[in-house]
Amino acid sequence: MDLLVSPASVEEAKSALSADIIDVKKPSEGSLGANFPWVISEIKSMTEKPVSAAIGDYSFLPGSASQGAFGAACAGADFVKVGLMFKGDDNALEFIKAVTKAVKWKFPEKTVVIATYADYDRVDSISPFDMAPLAQKAGADIAMIDTAVKDGKGLFDFLNEDELTAFTNKNRELGLKTALAGSLKFDDLELLKKIDPEIIGVRGMVCGGDRSAVIKESLVQKAMTLVR
Ligand SMILES: O=C[C@H](O)COP(=O)(O)O
């Protein structure tokens, strides 16, 4: 299980470099808020580790999302991560195909992460369970669950161990990897290891519990020790 940590700036990324994946985002612009391309590029130049970039929590705007995805890939992101904040299988398939094509067109080696939300009912968006087969059909690589609303409720307030294990196992059958996130806590790590996704994503946990604070290097190191 790899640890993905989401810094919000170049300065903060320096404290996150011991993570397995450095995930550039702008939390002030949403759960999967997009940061500036020059921030992605500078963080990429600081590490040999894979760099991921969130490109936003999107309504059904496949053209805009494709351009964002291409921009993030050109700026140096190895993983391009997009959130689906809309409903409808046909629209989701069209959107995921467009984003995947935008990344793989010039960068076939790069990884496309399609995120949906554990609290999808709260934001009226597609469920992770409906999204994953569409991600596989569209040629994406990773099916992710995060939370849309960062109000203290986390992944396990919406989905239980059995549901998350079923999601992870089904993705593996489909040939997709799984990433799980959503206000995860140190106390969740043992259960997450049992569920066994390929990646877990955190920010609040390594900020000391408050995702609007800054990442603490010592907490990233603690999390790295505990996920192994
Ligand atoms: O990609 C993962 C997110 O950055 C998770 O953030 P969070 O742990 O504060 O919910």
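Residues numbered from 1 in each chain as written. Predicted model: local features only at pLDDT ≥ 70, side-chain atom pairs only at ≥ 80, totals over all residues. Heavy atoms only, no water.

A. Structural detail: unusual backbone geometry. Backbone geometry places Asp-124, a non-glycine residue, at a positive phi of 55°. You can see Asp-124 is positioned in the loop between α5 (120–123) and α6 (128–138). One non-glycine residue with positive phi stands out, namely Asp-196, at about 65°. Its place among the elements puts Asp-196 in the loop between α9 (189–195) and β8 (199–202). (Helix = DSSP H or I, 4+ residues; strand = E, 2+ residues; numbered from the N terminus.)

B. Quick look at a negative patch on the surface. Taken together, the side chains of Asp-89, Asp-90, Glu-94 and Asp-130 make up a negatively charged region of the molecular surface. The element that contributes the greatest number of residues to the negative patch is helix α4 (residues 89–104), accounting for three residues. Note on placement: Asp-90 falls in helix α4. On the basis of relative accessibility, which here comes to 67%, the residue Asp-90 falls in the exposed class. (Patch = residues over 30% accessible without salt bridge, like charges linked within 9 Å, V, L, I, M, F, W, Y side chains within 5 Å. Areas by Shrake-Rupley, 256 points an atom, 1.4 Å probe, with all protein chains shown as cover. Salt bridge = Lys/Arg side-chain N within 4 Å of Asp/Glu carboxyl O. Lys, Arg positive; Asp, Glu negative; His and termini not counted. Charge placed at Lys NZ, Arg CZ, Asp CG, Glu CD. Buried < 20%, exposed > 50% of the residue type's maximum accessible area, 1.4 Å probe, protein only.)

C. Here's a closer look at the packing of aromatic side chains. Overall, the coordinates contain seven aromatic pairs when judged by the stated rule. Aromatic pair Phe-36 and Trp-38: ring centres 5.0 Å apart, planes at 5°, arrangement stacked. Exposure remark for Phe-36: the relative accessible area of 37% places this residue in the partly exposed category. By relative accessible area, Trp-38 is classed as exposed at 58%. Three or more aromatic residues joined by ring pairs make a cluster, and in this case those are Tyr-58, Phe-60, Phe-86 and Phe-95. Here the guanidinium or amino end of Lys-106 rests over the ring plane of Trp-105, the centre of that ring lying 4.4 Å away. Cation over ring: Lys-222 sits above Phe-186, and NZ or CZ is 4.2 Å from the ring centre. (Phe/Tyr/Trp six-rings, centres within 6.5 Å; stacked < 30°, edge-to-face > 60°. Lys NZ or Arg CZ within 6 Å of the ring centre and 35° of its normal.)

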